[in-house]
Amino acid sequence: MLDNKKLVYFLCTGNSCRSQMADGWLKALSNDRYEVKSAGLEAHGLNPRAVQVMKEAGVDISGHTSDVIDPEILNRADYVITLCGHADEHCPVISNKNVVKWHWGFDDPAKAAGTEEEIMSQFREVRNAIKSRIEKFLTEGP
């Protein structure tokens, strides 16, 4: 049987935090209804704090890789969702005219300053905000 799952491609600047969390949440919450990928304009590596806060929420993203945007995946995606303004502004041209492109802006927790607890609090806040947005996507449909 042909796999008709819609492809959701989450994009961010470095593919280290927000796009990874969105990728993890959609995989965890969608019961395998979507093919999920994430990438960045650059690959900054997986942020250990992002891995930690997702693990606290019961989602393991430790096996994810930080990838640069793949034009082939970009052009077969059904949904391209940017998670930061930089990626939204600098997203490569998408030749697939049927793609649905959304921008969901979230603050970059990697830029948080303060004590470790304050920084982790920022990561948790962004993690929860992304989860809420993914749940909305899943309940309201595309």
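Located above this text is the structure these notes cover.
Not measured: the values here are computed from a predicted model.

Enquirer: What am I meant to see in the side chain of R18 here?
Expert: Within the secondary structure layout, R18 lies in helix α1 (residues 18-29). In this structure the side chain of R18 is engaged in a polar contact, spanning 2.6 Å, whose partner is the backbone oxygen of F106. Apart from residues lying up to four places away in sequence, R18 is in contact with C12, L83, C84, F106, D107, D108, P109, V126 and I130.

Enquirer: I tried to follow the nonpolar core on my own but got confused; where do I start?
Expert: Most often, soluble globular proteins keep nonpolar side chains buried together rather than apart. Within the largest apolar cluster, 32 residues are counted, with the highest numbers of intra-cluster contacts made by F10, M21, L26 and I134. Counting residues per element, this core draws most heavily on helix α5 (residues 116-140), which supplies eight residues. Each residue touching L26, except ones within four places of it in the same chain, is listed here: V8, F10, Y34, V36, I134, F137 and L138. If you look at the next biggest cluster of nonpolar residues, it comprises twelve residues, including L7, Y9, I73 and C91.

Enquirer: Explain helix α2 (residues 48-56) to me, please; I cannot follow it from the model alone.
Expert: Taken as a whole, α2 has its buried residues at A50, V51, V53 and M54. Against the buried residues of α2 lie α1 and α5. Structurally, the start of α2 carries an N-cap: the backbone nitrogen of R49 is 2.8 Å from a side-chain oxygen of N47. Phi turns positive, to about 85°, at G58, one or two residues after α2.

Enquirer: Even after reading the chapter, I still don't get the layout of surface pockets, so can you show me in this structure?
Expert: Put simply, the largest pocket is a space of about 170 Å³. The wall of the largest pocket is formed by 14 residues, among which D23, K37, S38, T65 and D67 lie closest to the centre. Every element with two or more residues in the lining of the largest pocket is listed here: α1 and β2 (34-40). If one sorts the elements of the lining of the largest pocket by residue count, β2 sits on top with four residues.

Enquirer: Honestly, the pattern of salt bridges in this entry has me stumped. Any pointers?
Expert: Should their charged atoms come close, side chains of opposite charge can pair. Enumeration according to the criterion identifies twelve salt bridges in this entry. For E35, the salt bridge identified is with K37, shortest N-O distance 3.9 Å. Residue classification places E35 among the partly exposed residues on the basis of a relative accessible area of 24%. Between K111 and D108 there is a salt bridge, with the nearest N and O atoms lying 3.5 Å from each other. The exposure class of K111 is exposed, given its relative accessible area of 68%. Through salt bridges with shared partners, a single ionic network connects E35, K37, E72 and R76.

Definitions and limits used
- Residues numbered from 1 in each chain as written.
- Predicted model: local features only at pLDDT ≥ 70, side-chain atom pairs only at ≥ 80, totals over all residues.
- Heavy atoms only, no water.
- Helix = DSSP H or I, 4+ residues; strand = E, 2+ residues; numbered from the N terminus.
- Polar contact = N/O pair within 3.5 Å; in protein donor to acceptor, adjacent residues only side chain to side chain.
- Contact = heavy atoms within 4.5 Å.
- Core = buried A, V, L, I, M, F, W, Y, C linked by side-chain atoms within 4.5 Å.
- Buried < 20%, exposed > 50% of the residue type's maximum accessible area, 1.4 Å probe, protein only.
- 1 Å grid on protein atoms, 1.4 Å probe; cavity = no way out; pocket = protein on both sides within 12 Å on 5 of 7 lines; lining within 4 Å.
- Points joined across faces, edges and corners; volume = space filled by probe spheres on them.
- Salt bridge = Lys/Arg side-chain N within 4 Å of Asp/Glu carboxyl O.

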